[in-house]
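Observations on chain architecture
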Amino acid sequence: MTTERLQKFLSQAGVASRRAAEEIIRAGRVMVNGQVVTEMGVKVDPDRDIVRVDGRPVKVTAAPVVLMLHKPSGYVCTTSDPQGRRVVMELLSRVPVRLYPVGRLDYDATGLLLFTNDGELAYRLTHPSYHVPRTYRVTVTGEMTREAVRRLAAGVDLDGRLVYPEVRVNKREAAKTVLEVTVHEGRYHLVKRLMEQVGHPVLKLKRIAFGPLRLERLNRGTYRELTEREVAALKAEVELA
Ligand code: URA
C-alpha cells in the first residue's frame, strides 16, 4: 500500500497545484471516504481511498504527461472562448488525457507552448518566483537604436515592478528590427508592453525557448511529447526532483 499526502494526490490528479489544493482542502471541499477533511497531514491510498472534490470523484488515472506544441497564430490559450475563436485544445484533440496549457501566448503569437496534467509542475513553471526564462523572437516596427536597447536592459517599469529583459538585435532595417528577447516571468502582454515603452510596437512574436527547452524544428500546429531527459531538465529548473 502506498499512501501520499492529500494535497499531492490532488495536484497529481490535475485538480490544482499543491498550494491551491491546500486551499481547497481548508475550504472543506474535499471528502475522503465520505468524511470532509480540512486539516493538512492526511494521507490517502490512491488505489483504495475514495476522494471527492465538490462531490465529484477524483482519480489519478494518467501518468504525468508533458507535451510541447508549436502554437500557430489565431488560437487562444483558454479552454473555451466566449467570442467563439479557435482554442489551442483543438490542436490536441487526439491526445487521450486531459491536459492544461502552461501559461499563455497571445492570440496572434506563435511558438513553444507546454501542456501538462501535472498541476505542481505547471504551477511552478508559471510562478514568477521560479524565474523560468522565456525567449522570444520579436519583430518590431522601425529601426531600434542602441539607446532603446540600453533602455530596455536598464529595466522598464511595468505595473510598478521593474522588468529587466535581455535583448539581442538579430537584424536592423529602416522599417523593422528583429530581436531575441528573454524575460523571466509570464505577465500579460509582457513583451508587447516592453516594446511599446521604447516606441517600437510588436509586429510578430514567437516563443522559441522556455526554460531548458527549445522549439527547434517542430512544425507549426503540431506537438510532441517531451523526452524523459527534457522532463527531468524542466523539473530541475523548478526544483522538482
Ligand atoms: N509577451 C507578449 O506580449 N505576448 C505573449 O504572448 C507572450 C509574451
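In this text, all values refer to a predicted model and were calculated from it rather than measured experimentally. (Residues numbered from 1 in each chain as written. Predicted model: local features only at pLDDT ≥ 70, side-chain atom pairs only at ≥ 80, totals over all residues. Heavy atoms only, no water.)

1. Quick look at the overall build of the chain
Along its length, the chain carries 6 helices and 17 strands. Dimensions of the chain, computed from the C-alpha atoms along their principal axes, are close to 70 × 40 × 40 Å. Looking at the chain alone, contacts between residues at least 24 apart form 66% of all its contacts between residues at least 6 apart. Summed over its atoms, the accessible surface of the chain is roughly 13,200 Å², and 47% of this surface lies on carbon and sulfur atoms. The centroid of the 40 positive side-chain charges in the chain is displaced by 4 Å from the centroid of its 29 negative side-chain charges. (Helix = DSSP H or I, 4+ residues; strand = E, 2+ residues; numbered from the N terminus. Contact = heavy atoms within 4.5 Å. Areas by Shrake-Rupley, 256 points an atom, 1.4 Å probe, with all protein chains shown as cover. Lys, Arg positive; Asp, Glu negative; His and termini not counted. Charge placed at Lys NZ, Arg CZ, Asp CG, Glu CD.)

2. Observations concerning the side chain of Asp81
Structurally, the position occupied by Asp81 is in the loop between β7 (66-71) and β8 (100-101). In this structure the side chain of Asp81 is engaged in a polar contact, spanning 2.9 Å, whose partner is the backbone nitrogen of Arg85. Aside from chain neighbours lying at most four places away, what touches Asp81 is Val76 and Val87. (Polar contact = N/O pair within 3.5 Å; in protein donor to acceptor, adjacent residues only side chain to side chain.)

3. What about the domain arrangement of the chain?
Frequently, the measure chosen for interface size is the accessible area removed from exposure when the parts meet. If you check the domain split of the chain, you get domain 1 (4-57), domain 2 (66-128 + 222-237) and domain 3 (133-210). One C-alpha centre belongs to domain 1, the other to domain 2, and the line joining them spans 25 Å. Opposite the 7 residues of domain 1 that make contact, domain 2 presents 6 residues. Around 510 Å² of area is buried between domain 1 and domain 2 when both sides are counted, 47% of it from carbon and sulfur atoms. (Domains from an automatic or database assignment. Buried area = accessible area lost by both parts, 1.4 Å probe.)

4. Let's talk about the pairing of strand β13 (residues 166-172)
Sheet topology note: the β13/strand β14 (residues 176-183) ladder contains 6 bridges and is antiparallel. Along β14, the bridge assignment pairs Val167 with Val181. Hairpin connection of β13 to β14: 3 residues between the antiparallel strands. (Pairing = 2+ DSSP bridges.)

5. Topic: the nonpolar core
In this structure, Phe115, Val138, Met144, Leu152, Leu194 and Met195 are the most contacted members of the largest nonpolar core, which totals 35 residues. Elements that contribute at least two residues to this core include exactly β7, β9 (110-116), β10 (134-141), α4 (146-153), β11 (156-158), β14, α5 (190-197) and β15 (202-210). By residue number, the principal contributor to this core is α5, which donates 4 residues. With sequence-adjacent residues up to four places away left out, Leu152 is seen in contact with Met144, Val163, Pro165, Val167, Leu194, Met195 and Val198. (Core = buried A, V, L, I, M, F, W, Y, C linked by side-chain atoms within 4.5 Å. Buried < 20%, exposed > 50% of the residue type's maximum accessible area, 1.4 Å probe, protein only.)

6. Focus on the pattern of salt bridges
For side chains bearing opposite charge, pairing can occur when the charged atoms are close. The final tally for this structure, using the stated rule, is 17 salt bridges. Between Glu173 and Lys171 there is a salt bridge whose closest N-O contact spans 3.9 Å. The class for Glu173 is partly exposed, based on a relative accessible area of 32%. Assessed through its relative accessible area of 42%, Lys171 is described here as partly exposed. Overlapping salt bridges, with partners in common, bring together Asp159, Arg161, Glu185, Arg187 and Arg193 in one network. (Salt bridge = Lys/Arg side-chain N within 4 Å of Asp/Glu carboxyl O.)

7. Thoughts on the site of the ligand
Close to the ligand lie Leu105, Asp106, Ala109, Tyr136, His189, Leu190, Val191, Lys192 and Leu205. A distance of 3.1 Å separates a nitrogen atom of the ligand from a polar atom in the backbone of Val191. Here an oxygen atom of the ligand sits 3.0 Å away from a polar atom, N or O, in the main chain of Lys192. Protein chains shield 95% of the accessible area of the ligand, which is 240 Å² for the free molecule. Residue composition of the shell around the ligand, by class: 6 nonpolar, 1 polar and 2 charged. Structurally, the shell around the ligand is a two-domain feature, drawing no fewer than three residues from each of domain 2 (66-128 + 222-237) and domain 3 (133-210). (Near = heavy atom within 4 Å. Nonpolar A, V, L, I, M, F, W, Y, C, P; charged D, E, K, R; others polar.)

8. Here we look at helix α3 (residues 119-126)
Residues spaced three or four apart along an α-helix face the same direction, because each turn holds 3.6 residues. Most of α3 is tucked away, with 7 of its 8 residues classed as buried. Within the span of α3, buried status applies to Gly119, Glu120, Leu121, Ala122, Tyr123, Arg124 and Leu125. Here α3 starts with a cap whose side-chain oxygen sits 3.2 Å from the backbone nitrogen of Glu120, and that cap is Asp118.

9. Describing unusual backbone geometry
Residue Glu216 is not a glycine yet carries a positive backbone phi of 45°. Position of Glu216 among the secondary structure elements: in the loop between β16 (213-214) and β17 (223-225). Residue Glu216 is classed as exposed on the basis of its relative accessible area of 63%. Although it is not a glycine, Glu239 adopts a positive phi angle of roughly 55°. By the secondary structure assignment, Glu239 is in the segment after α6 (228-237). Residue class for Glu239 comes out exposed when judged on its relative accessible area of 63%.

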